[in-house]
Structure formats: C-alpha cells, structure tokens
Amino acid sequence: MNEVFKKAGKEEIILDDNFKMHHDSFRGIILTFSEMREREKVDEKRKKTGEKEEYLFEEHRYFARVDQALKRYVELSQNSAKSIEEILEKTDKILAVVEEFKVKFINWSDDK
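Everything numeric in this text was worked out from a predicted model, so none of it was measured.

**Notes on the sheet that holds strand 4 (residues 48-63)**
Here is step 1: Ordered by their spatial adjacency, four strands build an open sheet running 1-2-3-4, and the pairing between neighbours is antiparallel. The sheet is open, and its two edges are formed by strand 1 (12-14) and strand 4, each paired on a single side. Sheet twist, expressed as the average angle between the axes of neighbouring strands with direction ignored, equals 25 degrees.
Here is step 2: Where strand 2 (residues 19-24) meets strand 3 (residues 28-42), six bridges bridge the pair, whose relative direction is antiparallel. In the sheet register, Asp24 faces strand 3, and the bridge partner there is Gly28.

As structure tokens, then:
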C-alpha cells in the first residue's frame, strides 16, 4: 500500500465533491471524477423514450505516484473556469484542499 494511504489509515481520500483518490496495489493511484448527470432513457430496443433519468458518471485516471494524481487534479479542477475570477476562486479552493491533504495525510508543514 502507498505510504500516504498507510499514514491516513484510509483506502480512499476525498479531495472535493467530485474528486477522490484511492490506492490499488495493481494499478497504483486512481483519481476518480464523479458527478450526477442526466440522460434520456432508452427502451430494451435502444430507442429513446423521451423520459429523463439521472445516473452517476465516473471517470478514472491512473497514476504511479500521489503527486502525479494531485497535479492532474489541479489541472482538471481549473479546466472548467470561464473567467479570471473563477480561476482565482478555484485556485483558492484547490490550495485549501492541498494544504489540508498535506497536514492530514503527509504531515508536511511549510516550517520544515
């Protein structure tokens, strides 16, 4: 098991409402994006029915190291920003998540 997950005593680390990381001994670190989405229902013949249904969308990305997963998390979190103000707001949230991550799971501090 990865050292970060050993120190955390957890198999899964939630980064925010949409992103989480977990360790797989075969695949390494898995960064998972998930969100509820809506789609049009289809019948048994794969024809659209006109009704809507919600489903959980998940996308998995695989990394060898935790720092690689965190870097990708930062990139993906910033991609949806549409203005400078939104980028700054998202950056503040990401920095807070990373700082909490460092304190909780890695025992880093800027003093060292």
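**Some points on helix 2 (residues 66-79)**
Here is step 1: With 14 residues, helix 2 should reach 20 Å at 1.5 Å per residue; the first-to-last C-alpha distance of 20 Å fits that figure.
Here is step 2: Listed in full, the buried residues belonging to helix 2 are Val66, Ala69, Leu70, Tyr73, Leu76, Ser77 and Gln78.

**Things to note about the pattern of salt bridges**
Here is step 1: Counted according to the given criterion, the structure contains eight salt bridges.
Here is step 2: Between Glu89 and Lys93 there is a salt bridge; the shortest N-O distance is 3.5 Å. Within this pair, Glu89 and its partner Lys93 are both found in helix 3 (residues 84-106), separated by four residues, close to a single helical turn.
Here is step 3: For Glu89, a relative accessible area of 47% puts it in the partly exposed group.
Here is step 4: Taking the relative accessible area as the measure of exposure, Lys93 reaches 53% and is therefore exposed.

Definitions and limits used
Residues numbered from 1 in each chain as written. Predicted model: local features only at pLDDT ≥ 70, side-chain atom pairs only at ≥ 80, totals over all residues. Heavy atoms only, no water. Pairing = 2+ DSSP bridges. Helix = DSSP H or I, 4+ residues; strand = E, 2+ residues; numbered from the N terminus. Axes fitted to C-alpha atoms, helices over the stretch in contact; angles between N-to-C directions. Expected span 1.5 Å × (residues − 1). Buried < 20%, exposed > 50% of the residue type's maximum accessible area, 1.4 Å probe, protein only. Salt bridge = Lys/Arg side-chain N within 4 Å of Asp/Glu carboxyl O.

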